[in-house]
Amino acid sequence: MEQRRAVVVGAGIGGLTAAVALLRDGWQVTVLERAADLAPVGAGIGLAPNSQRALDVIGLGDRVRELAAWQGDGGMRAPDGRWLARTDAKAAAARFGGPLVLLHRATLVEILTSALPEGTVRTGAAATLADPGDDHRPARLTTPEGEIEAELVVAADGIRSAIRHALFPEHPGTRYAGCTTWRVVVPAPARPFAPHETWGAGRLWGTQPLKDGRVYAYAMAAAPAGGRAPDDERAELLRLFGDWHHPVPEILAAVDPGQVLRHDVHHLPDPLPAFHRGRVALLGDAAHAMMPSLGQGGNQAIEDAVVLAHHARSGPGFDPAGALPAYTADRLPRTTAIVRKAARTGAVTLLSARPAVALRSALVGAVSRFGPGLVLRGFDGIADWRPPVAPARPA
Ligand SMILES: Cc1cc2nc3c(=O)[nH]c(=O)nc-3n(C[C@H](O)[C@H](O)[C@H](O)COP(=O)(O)OP(=O)(O)OC[C@H]3O[C@@H](n4cnc5c(N)ncnc54)[C@H](O)[C@@H]3O)c2cc1C
């Protein structure tokens, strides 16, 4: 029987995971990536038990856990260092059936690409959708090397997805979420610290350890779209966070201004009518870009990829009319709910009026006195997700 051909557009976390999942199911897979190389942004990524279970399905969960730093005991603090709520790694693992882990994005990309045969990913290959195809004719993509036909196209082309716009031109698209983010990776501070996320007025800062002795720190603040510091982004961080508790000043002292990543946050508050059309399936940020407040954008892209491969597998031949509506039915309601929850959580973290901030701190403190489980409840229904397929057996 001729091998089915899938073309994945975009070699981000979602596209690479889809490529591994489809390849394991016997598809011939090509990944087209517009960028000249796969160097991911210099930042960490948190993976919750939900996406780790999806990675278990494609045999990569253990590798991820091995190369990740466990999120130890830590919690939420106020800028002066007061603990508002403690999180407990054991309680999280017991509640969600596994640990919350953090690894460098480059490590995750390396794990995913090492599961793909050489030549699967073609860089410097921007693709345009020429025809989404249907039950009777293949989809077609235009690439620098000419036109390609595919039985399945996976549109993993990120938040500014041109394929999403081509499939759903009436959809309003992304919207600015009212805030900007900064990310840095620096050597661990000399003085010990506990992993934390600290909420101030209209801004937050988080610090998490990486496995290799460095730390990943991220910050978010309400800001107009497109703003940039008049001098440099490290100076901006010093103005906003320089007097916050340890380890924030020590981390800022170690930051090279040229390595601070700053990105405005955009999201897709209006859900798409479907995650597919013809023979094209959208996944990851292309399908459901969300605020980073729950740390679930990449997690959901990984879930999408494994669920898509599962639906594409059923039957002897690929039946887009059966598989892709099933994929949409599986993924659209779940991710819509998470996009909304991320927006609600983002709004709470960005509260800036003094009475609202005081009330928020008091409520978080009161809730946490009943035990760490209450704080973790925000991830119920998200981190406890299980894939529709059993984990891969070790080779
Ligand atoms: C500050 C911040 C912190 C975050 N923290 C977390 C976290 O802790 N955990 C988590 O799960 N998520 C987190 N996220 C979200 C996460 O980064 C994204 O949801 C995830 O990276 C999306 O992956 P993707 O594969 O869908 O898209 P992307 O990673 O954006 O990949 C899309 C790829 O498609 C390529 N491309 C685009 N157009 C074309 C074309 N025409 N042809 C070929 N290639 C094309 C692009 O070059 C890119 O490589 C965070 C986001 C931010 C902003």
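This text gives an overview of the structure that appears in the document. Everything quoted here is computed from the prediction, not taken from an experiment. (Residues numbered from 1 in each chain as written. Predicted model: local features only at pLDDT ≥ 70, side-chain atom pairs only at ≥ 80, totals over all residues. Heavy atoms only, no water.)

## Some points on the sheet that holds strand E14 (residues 196-199)
Consideration 1: Read from one edge of the open sheet, seven strands run E6-E5-E14-E15-E16-E13-E17, paired in mixed fashion. Strands with a single pairing partner mark the edges of an open sheet, and in this sheet they are strand E6 (83-87) and strand E17 (261-267). Direction aside, the axes of adjacent strands within the sheet are offset by 20° on average.
Consideration 2: Summarising the sheet, strand E5 (residues 74-77) and E6 pair through four bridges and their orientation is antiparallel. Across the sheet, the residue bridging to Arg 77 is Trp 83, located in E6.
Consideration 3: Docked against the sheet, helix H7 (residues 233-241) engages strand E13 (175-187), strand E15 (203-209), strand E16 (214-222) and E17, running at close to 110° with respect to E15. (Pairing = 2+ DSSP bridges. Helix = DSSP H or I, 4+ residues; strand = E, 2+ residues; numbered from the N terminus. Axes fitted to C-alpha atoms, helices over the stretch in contact; angles between N-to-C directions. Contact = heavy atoms within 4.5 Å.)

## Brief notes about the site of the ligand
Consideration 1: Around the ligand, a shell composed of 28 residues is seen, among which Glu 33, Arg 105, Asp 285, Gly 298 and Asn 299 lie nearest.
Consideration 2: Between the ligand and Glu 33 there is a distance of 2.6 Å, counted from an oxygen atom to a side-chain nitrogen or oxygen.
Consideration 3: Within the contact set of the ligand, an oxygen atom lies 3.5 Å away from a backbone nitrogen or oxygen of Gly 297.
Consideration 4: When the ligand sits alone it has 1,000 Å² of accessible area, and the protein chains cover 82% of it. (Near = heavy atom within 4 Å. Polar contact = N/O pair within 3.5 Å; in protein donor to acceptor, adjacent residues only side chain to side chain. Areas by Shrake-Rupley, 256 points an atom, 1.4 Å probe, with all protein chains shown as cover.)

## Some thoughts on the nonpolar core
Consideration 1: With 68 residues, the main nonpolar core has Leu 22, Leu 47 and Leu 152 as its most contacted residues.
Consideration 2: By size, the runner-up hydrophobic cluster in this structure holds 24 residues, among which are Ala 43, Tyr 218, Met 291 and Ala 342. (Core = buried A, V, L, I, M, F, W, Y, C linked by side-chain atoms within 4.5 Å. Buried < 20%, exposed > 50% of the residue type's maximum accessible area, 1.4 Å probe, protein only.)

## Some points on the packing of aromatic side chains
Pairs of aromatic rings are described using the distance from one ring centre to the other and the angle between the two planes.
Consideration 1: Under the counting rule described, the total for this entry stands at six aromatic pairs.
Consideration 2: One cation-aromatic arrangement involves Arg 4 over Trp 27; the distance from NZ or CZ to the ring centre is 4.5 Å. (Phe/Tyr/Trp six-rings, centres within 6.5 Å; stacked < 30°, edge-to-face > 60°. Lys NZ or Arg CZ within 6 Å of the ring centre and 35° of its normal.)

## Section: helix H2 (residues 49-57)
Consideration 1: Within H2, nine of the nine residues are buried, leaving the element largely enclosed by the surrounding structure.
Consideration 2: Turning to H2, its buried residues number three or more, namely Pro 49, Asn 50, Ser 51, Gln 52, Arg 53, Ala 54, Leu 55, Asp 56 and Val 57.
Consideration 3: After H2 finishes, the residue Gly 59 shows a positive phi value of roughly 80°.

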